[in-house]
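Okay, here's what each chain looks like letter by letter:
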Amino acid sequence: MTEITRLFDFPYYQLEVHNLEASLVTKYDGKWVPTSTKEYLDKSNAMSRALLKLGIQKDDKIAVISTTNRTEWNIMDIGILQTGAQNIPIYPTICAEDYEYVLNHSDSIYCFVSDVDVLKKVRKVQANTNIKEVYSFDHIEGCKHYSELFELGKDDSTQPEVEARKDAVTPHDLATIIYTSGTTGRPKGVMLTHNNITSNALDSTSRLPISGKGTRVLSFLPICHIFERVLIYLYQYAGTTIYFAEGIDKIGENAKEINPNLMSVVPRLLEKVFDKIIAKGEDLTGVKKLLFFWAVRLGEEWQPYGANGAWYEFKLKIANKLIFTKWRDALGGELHTMVSGSAALQTRLTRVFSAAGMQVMQGYGLTETSPVVSVEMYANEHFRVGTVGKPIKNVEVKIAEDGEILIKGPNVMKGYYKDPEKTASVMTGDYFHTGDKGMIDDDGFLKITGRKKEMFKTSGGKYVIPPLLENDMKQSLFIEQIMVIGEGEKMPAAIIQPNFDFVRSWIEDKELSIGTSDAEIASSAIVIERIQKEITKYNNNFGKWEQIKRFELTPDIWSIDGGHLTPTMKMKRNIILGIYQDLYDKIYRV
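What counts, and where the lines are drawn
- Residues numbered from 1 in each chain as written.
- Predicted model: local features only at pLDDT ≥ 70, side-chain atom pairs only at ≥ 80, totals over all residues.
- Heavy atoms only, no water.
- Helix = DSSP H or I, 4+ residues; strand = E, 2+ residues; numbered from the N terminus.
- Rg over C-alpha atoms; globule rule 2.2 N^0.38 Å.
- Buried < 20%, exposed > 50% of the residue type's maximum accessible area, 1.4 Å probe, protein only.
- Contact = heavy atoms within 4.5 Å.
- Areas by Shrake-Rupley, 256 points an atom, 1.4 Å probe, with all protein chains shown as cover.
- Pairing = 2+ DSSP bridges.
- Axes fitted to C-alpha atoms, helices over the stretch in contact; angles between N-to-C directions.

**Student:** Hey, could you run me through the overall build of the protein chain in this one?
**Tutor:** Each helix and strand counted, the protein chain has 21 helices and 27 strands in total. Taken against the 2.2 N^0.38 rule, which gives 25 Å for 590 residues, the C-alpha radius of gyration of the protein chain at 25 Å falls within 12% of a compact globule. In the protein chain, which comprises 590 residues, the share counted as buried stands at 58%. Restricting the contact set of the protein chain to residue pairs at least 6 apart, pairs at least 24 apart contribute 67%. Working note: accessible area of the protein chain is about 24,600 Å², and carbon and sulfur atoms make up 51% of it.

**Student:** Explain the pairing of strand E9 (residues 189–193) here, please?
**Tutor:** Working note: regular strand, side chains alternate between the two faces of the sheet. Of all five residues making up E9, five are buried, and the element is well covered by its neighbours. Examined bridge by bridge, strand E8 (residues 174–179) and E9 share five bridges and lie antiparallel to one another. Note on E9: the bridge partner recorded for Leu-174 is Thr-193. By the bridge criterion, two bridges tie E9 to strand E19 (residues 415–416) in an arrangement that is antiparallel. For Met-191, the partnering residue across the bridge sits in E19 and is Gly-415.

**Student:** So what exactly am I meant to see when it comes to the sheet that holds strand E16 (residues 390–391) here?
**Tutor:** Taken together, nine strands build an open sheet; the order of strands is E2-E1-E11-E10-E12-E13-E14-E15-E16 and the sheet is mixed. Either end of the sheet is taken by a strand with one partner, and the two such strands are strand E2 (31–35) and E16. Pairing of strand E14 (residues 359–365) with strand E15 (residues 372–375) involves three bridges; the strand directions are antiparallel. Counterpart to Gly-363 in the pairing with E15 is Val-375. Where helix H10 (residues 251–258) meets the sheet, it contacts strand E1 (24–28), E2, strand E10 (216–219), strand E11 (241–244) and strand E12 (262–265), and its direction lies at approximately 165° from that of E10.

**Student:** Would you mind going over the environment of Phe-244 with me for this structure?
**Tutor:** Mapped onto the elements of the fold, Phe-244 is located in strand E11. We classify Phe-244 as buried; its relative accessible area is 1%. Each C-alpha atom of the pair Phe-244 and Arg-348 lies 29 Å from the other, and the pair is 104 residues apart in sequence. Residues within four places of Phe-244 in sequence aside, it is in contact with Leu-24, Val-25, Thr-26, Trp-32, Asn-69, Arg-70, Thr-71, Asn-74, Ser-219 and Ile-232.

As structure tokens, this is what we get:
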């Protein structure tokens, strides 16, 4: 049986153990098209042969940029890695100038793109790079289609050369360079070896409730990010069928079509799903509305392992039958597990979705740790609300004297590409400094308490941890995004993006004479007064020195394209501060 020590070993293992008729499934022209394990490998090998004919050498770099996850990305991944070259995934949403930086910094010589929008950005900067040729997954006029390479690699008499290249790849060879989206400055190129990622996928497998053949997974988080990518390898190992969503905006529609059992999420997505559910509940009337919010309140009290007692579990069964089954139906009806990563998740959402029969497993990790450090698991008492579970096998977590989380294990990166100084600055011996602060409880559960760089001191010398405040405040249906500010100032304050859709519904329900454009909402004294009530309510959960004393509303939506958010939907704090400098000055300087 294939021993998995390199990333391209995963599909060979799947062929031997599971041999799926539908390994990877992508929607083309309105129809889900499956690719079997054998076809997946046949195409990957043809791609490897073609790349060798193009002159690809060991340690060459090939960039892959795809707007959505799709079968082609995975074929390219294996095809590239088998030659001893490296796959350089690039976030599709970054600007053309950042494309240029990453393509040049990574020394990429070929580039594969998914669609015309990505191609336009690459073409804009291609002359300033060393890219020899661009190939596309979609058929685009004026661009070579990637299928041309299957024709080039059709002759399998050169397969022994591919096998020789594969044999020459060692577990500790570089597999990929992942450029972190970064909340500040230029992205850093994180070097991950085959062993970094394979060990992480294998050591995480036991935490996921995957039964193998017949299990359906919906994949939509960016595969260029290590979180989704390591899950894709893990899914292949477990023998699950992977469906690639058409996009984040099509998740609900795609879920109803394929009835997934499991998917990965980021907190921002769950927040938006929950807000939509609550908005629908607000539209109900009479007994239906009373039952709906009774079920939500019940869900907010949920505890694992029946800790609330038999009477609570009896009421929960009723809530499931009357209310929560409809929530599950909206996501295909068979979704039992969601793996959440990238940022802290509100405990309320963990409780409510778990109560509704869709278990939320929080995990923790960084690109530099390949990424999984710890993850929850409902079995064996490995689940505790408000934590990110226990460290996975072979990964050691240590809390430094200042509270910083330090990581040691086979998953820790090789270093930052072309930046030994930056690498040295985050390593102490074998321990990687995460920049996150945390604690480990008596039972071994890891809890994240903040980020060193995000914590600040007011001018009065009091410490404030913004994410703790922000997560609480975002429970309000009136608040879509919030960034706590106040470093070196006399008090904490906040810049807030209202939940414009919900506020518009609220204005309509209350029959208020307020304009409903985003700009009118953000400047409305009535809306500001109502949001102040929300701030006051959640302020009561914090000490007086931490409480938000003033806030300003932004008239636009914070987005990836607008530069406010990273591709994994984390706030770019410095960028947001720069965009809304006038609001900052209004709070502290007027």
